[in-house]
Structure formats: structure tokens, C-alpha cells
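Architecture at a glance
This is what each chain is made of:
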There are 2 protein chains.
Amino acid sequence: MIVQGKLYGVGVGPGDPELLTLKAVKVLKQVDYICVPQTGKDKESLAFSIISKEIDCAGRIIKLYFPMTYKQPDLNQAWDKAAIKMSKELKKGKDLAFITIGDPLLYSTYIYILNSLNKLLVNLRVETVPGISSINACTASCNLPLAENDENIALLSKVDENELEDIFNIFDNVVVMKLSRNYQQVYELLERMELKDNAVIISRCGLEREIHIRDLDSLKVDEIEYLSLLISKQGNCL
Amino acid sequence: MIVQGKLYGVGVGPGDPELLTLKAVKVLKQVDYICVPQTGKDKESLAFSIISKEIDCAGRIIKLYFPMTYKQPDLNQAWDKAAIKMSKELKKGKDLAFITIGDPLLYSTYIYILNSLNKLLVNLRVETVPGISSINACTASCNLPLAENDENIALLSKVDENELEDIFNIFDNVVVMKLSRNYQQVYELLERMELKDNAVIISRCGLEREIHIRDLDSLKVDEIEYLSLLISKQGNCL
């Protein structure tokens, strides 16, 4: 009887290949196949570009396509299709690594793949290898404390205008992810609460053309890049 | 004229030496001295035990003592004393790495050392190397999504009973750090909100005797270990 292969969910960090962990490198060298998420057949994968300088992937790549869409049926279909492809190899006893930028369990396609695979396979053998998240990479890049001592932190992926002011009142430190879709509301609130000077926007952390913006007024709402986040602090800014 | 040395704040992850990044290893091999925080002269440093399997530190250690206390004057004195010791070497042109468990800018002594050094040295040359935080390591260890899609996350270091219920109402995902001091209030709220079954406590992640507790009632409040956190989720628990 063939023993089912093992799935590794491997976080490759936000951009700089040196932010790969020793464990990520070890796993990526060992596995039979590396599953690479792409948004289209001709599109470059950021996760792949991060590992390709450290790992020889030749002959070991399984490309998986996930459309850039918010349409849930299209997404479900893509996740299930990828999971079927992966489950076939796992059933053959092959070990797979699914690579993901940042950390695998923080806003990543890996979470949906895990869900789909758990439906397909009984007793899925799985190990998640954590990765440096964009949040930790951004604060490092600015030498900016994310939080200290008794301070609490809010990490927001989607802002709700009924809750946003409460959140800024409760939390000293607020991180707004997926900034391009959230910036308008956040900017208006920061202005109203006179917190604009305590915020920084970081785009493309660890990649070419990384930028830090401290003067929020120098930026138009539609100029926010896709890989951007905002950190607002009411306390220590160093 | 001697060029001032450079300070690296290096996150070494929560426990497993394999969660060191390639960059952390490179920096720790290169620097003249590695600054090791300890709670006492005879106390073992967890951060040092993480790096000692990967890095030859012989002759390059600077031990720094930080008392386990909440007394602010004692802490300030320890931070300033450490910063003076470090600044002397930086002025001689020596490069230093200050190691810290988890991530350097998330609840770490490194933040206070940076503050003290910035007061002592003009134009401190500093680079922070992010580390895997205990949060990302714990979710990986449980294969538990920290958040997905539109979900938001609250990271709490100290809970305030006037805000706690609001926070649990606003956020799908709540992480309670420094659990030993916060557990009583959190437990009572989880019970009241019928959320006990959607929470997990992880202690000593990546270390010997790592434990995951899903049955909160199996644990007494005073049995929570120092290195513990709780993750409460209202959504997908896989």
C-alpha cells in the first residue's frame, strides 16, 4: 500500500529571498513537487521568484492557476481544481510544497486549498511552515515598533465604516492590509482624528521599488499599489 | 576617523532553530559581537539557545541583563546600561547583533534598546531583521487560519474589561498574548459569549513540551505557562 504523501504549506516571506527560513529551504529542497500559484498561464509568480534564487526547482514545478477575481464560484472552482491536481500526487505518495508569499495562514490561498484538500482526502498529512509576514517585514524595514508593553494591535483586511472609529479609539496600533481597497475611508478617519502624522504607508516591501510614504497628502487614493499596507500608531514612533 | 558600527536587531523566531531566516544566520555569522539578553547572570537565554545550534558564537558574546520586573525605574536603568555597553562597541566601529525571540518589533526588549541607543548616538546605523513571531508559529503548528479574506484580527497584550466584549464583537479573530496575566478575564468572556469551543491555547511553541489545549475547562487559570497565547475564532477553524 502506498503511504499518502505529505503536504507542506510553505511561507516564503514577502519578497526578499533572504527572509526564507532554514526550514522553508530544507522542505523545498526535499519535496517531490513544488506547487506554484499563478494568476494566469503567462503571469509570473511572485512566490516562485522569491524561491528560485535559492532552490533548484527544475522538473519539480506544478503550476496552479487562481484567477484575480472576487467572484466566489470562480474562486471555488479554481481551489477545487487545484486540490484535485494536488490530491492525485499525494495519493501516489508524493510530497508536495505549496508556496505562498508572507505567512501561509494569514490571508493566503493556502487556507482555501487546505479546506478543499480536507474534503478530498481522509487524514490529510499536512505541515505548515510559517513565513515572515508582510507586517513584520514592513515594521523591520522602517525600524518601527508594531507594539510594545501593554499596547494592543488591530490588523484590518476590510474596513467597516461603522466600526472604524471605535477601532482607532480602542487600539494604539492599527495596521490596514489590502490598502488599495481601504484607503479612502482610512484616510478620512485619520484626518478627522488628527492622526495623519503618525501613519506610514509601505508598498512593495522587500521588492524592487519598495517605498515608504509618511506624508499621506503626497499620495492620491488611486496611486496605492496592490502590495501596500498602512501602519497607524498613537504611541512610540521612535 | 572610525566609522560607527552597525546595529542589527535580529529576530530568531519563537523556539525552533529552523525558523531562523537565511538573513538572520548571515548577519549572526558576520557581526563582531552578538548581544544576548538574559534575566540574570546564571539564567539561560532562550534566544541564545535558539541560535547556538546554527551559529558559532565563541568569543563574540556580550551578555546583557534585564530583570524580570514591572518596576519601570529598574527597567529603564537596565535598558540604559545595556545601551551604554553597546554604544561603546558601536563607536569603536564594531557591528553588533541584538538577538530577540520572535520578531524584534513586536513586544521585544529591542524596542527599548533602540530608544536608549537613539538618545546616546547621533545617526545610529541600524537594520532590523524580522523574525517569525509566536503568532505565526502557533497558527502553523495547529494548521489554523489566523484570518482569511475579509476577516480582521485583534492582537491583545493586555485586556481591559471595558473593551474586551466590544473587541470580541467587532473581530472574528482574537489573539491574546501574555496569556498568564490575561486568562481569567478572557475565559469568563469566552464562557459568557459561548466561544469556548472555538479557542485554542498554545504553550511553548517550537520548544520541548509544546502543548495545544482545546478543552479550556481542563486547565486551571494558574496553570498557564509564561510562553502561552490563546487564539479565538468565530469563523473557519478547519
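These numbers come from a predicted model, not from an experiment.

Definitions and cut-offs
Residues numbered from 1 in each chain as written. Chains lettered and ligands numbered in written order. Predicted model: local features only at pLDDT ≥ 70, side-chain atom pairs only at ≥ 80, totals over all residues. Heavy atoms only, no water. Domains from an automatic or database assignment. Contact = heavy atoms within 4.5 Å. Buried area = accessible area lost by both parts, 1.4 Å probe. Axes fitted to C-alpha atoms, helices over the stretch in contact; angles between N-to-C directions. Helix = DSSP H or I, 4+ residues; strand = E, 2+ residues; numbered from the N terminus. Parallel < 35°, antiparallel > 145°, perpendicular 65-115°, else oblique. Left-handed = near helix turned anticlockwise from the far one by under 90°. Nonpolar A, V, L, I, M, F, W, Y, C, P; charged D, E, K, R; others polar. Buried < 20%, exposed > 50% of the residue type's maximum accessible area, 1.4 Å probe, protein only. Pairing = 2+ DSSP bridges. Salt bridge = Lys/Arg side-chain N within 4 Å of Asp/Glu carboxyl O. Polar contact = N/O pair within 3.5 Å; in protein donor to acceptor, adjacent residues only side chain to side chain.

This part takes up the domain arrangement of chain A. Residues and elements named next belong to chain A. By domain assignment, chain A separates into domain 1 (7–129) and domain 2 (134–233). Domain 1 and domain 2 are separated by 28 Å when their C-alpha centres are compared. The interface is formed by 10 residues belonging to domain 1 together with 13 residues belonging to domain 2. Each partner contributes to the roughly 790 Å² buried at the junction of domain 1 and domain 2, and carbon and sulfur atoms together form 74% of this total. When the area that domain 1 buries against domain 2 is broken down by residue, the three leading residues are Pro14, Leu46 and Tyr107, summing to 55%.

Right, let's talk about the packing of helix α3 (residues 72–91) of chain B against helix α4 (residues 109–120) of chain B for a bit. Residues and elements named next belong to chain B. Running from amino to carboxyl end, α3 crosses α4 at an angle of 60°, the nearest separation of the two axes being 9 Å. The angle between α3 and α4 falls in the class oblique. Crossing of α3 over α4 shows right-handed handedness. Contacts between α3 and α4 pair Trp79, Asp80, Ala82, Ala83, Ile84, Met86, Ser87 and Leu90 from the former with Thr109, Tyr112, Ile113, Ser116, Leu117, Lys119 and Leu120 from the latter. Partitioning the contact of α3 with α4 into residue classes produces 10 nonpolar, 3 polar and 2 charged.

A separate point is the pairing of strand β2 (residues 33–38) of chain B. All names here are of chain B. Of all 6 residues making up β2, 5 are buried, and the element is well covered by its neighbours. Bridge count for β2 against strand β4 (residues 96–100) is 3 bridges, and the pairing is parallel. When the bridges of β4 are listed, Tyr33 appears paired with Leu96. The pairing of β2 with strand β3 (residues 61–65) spans 5 bridges and is parallel.

With that settled, the discussion passes to the interface of chain A and chain B. If you look at the interface, chain A gives 56 residues, while chain B gives 57 residues. Counting each side, the surface lost to burial between chain A and chain B is near 4700 Å², with a carbon and sulfur contribution of 57%. If you sort the residues of chain A by the area they bury against chain B, Glu18, Leu22 and Leu105 of chain A come out on top, with a joint share of 14%. In this assembly, chain A and chain B are joined by 8 salt bridges. The partner of Asp150 of chain B in a salt bridge is Lys158 of chain A, with the nearest N and O atoms 3.9 Å apart. The tally of links from chain A across to chain B stands at 30 residue pairs in polar contact (both at pLDDT 80 or more). Put simply, the parts of the chain that give the side of chain A that touches chain B at least two residues each are α1 (22–30), α4 (109–120), β5 (126–129), α5 (134–142), β6 (153–156) and α6 (161–170) of chain A. Among the elements that make up the side of chain A that touches chain B, the one with the highest residue count is α4 of chain A (5 residues). Residue composition of the side of chain A that touches chain B, grouped by class: 29 nonpolar, 12 polar and 15 charged. Across 3 bridges, the pairing between β6 of chain A and strand β6 (residues 153–156) of chain B is antiparallel.

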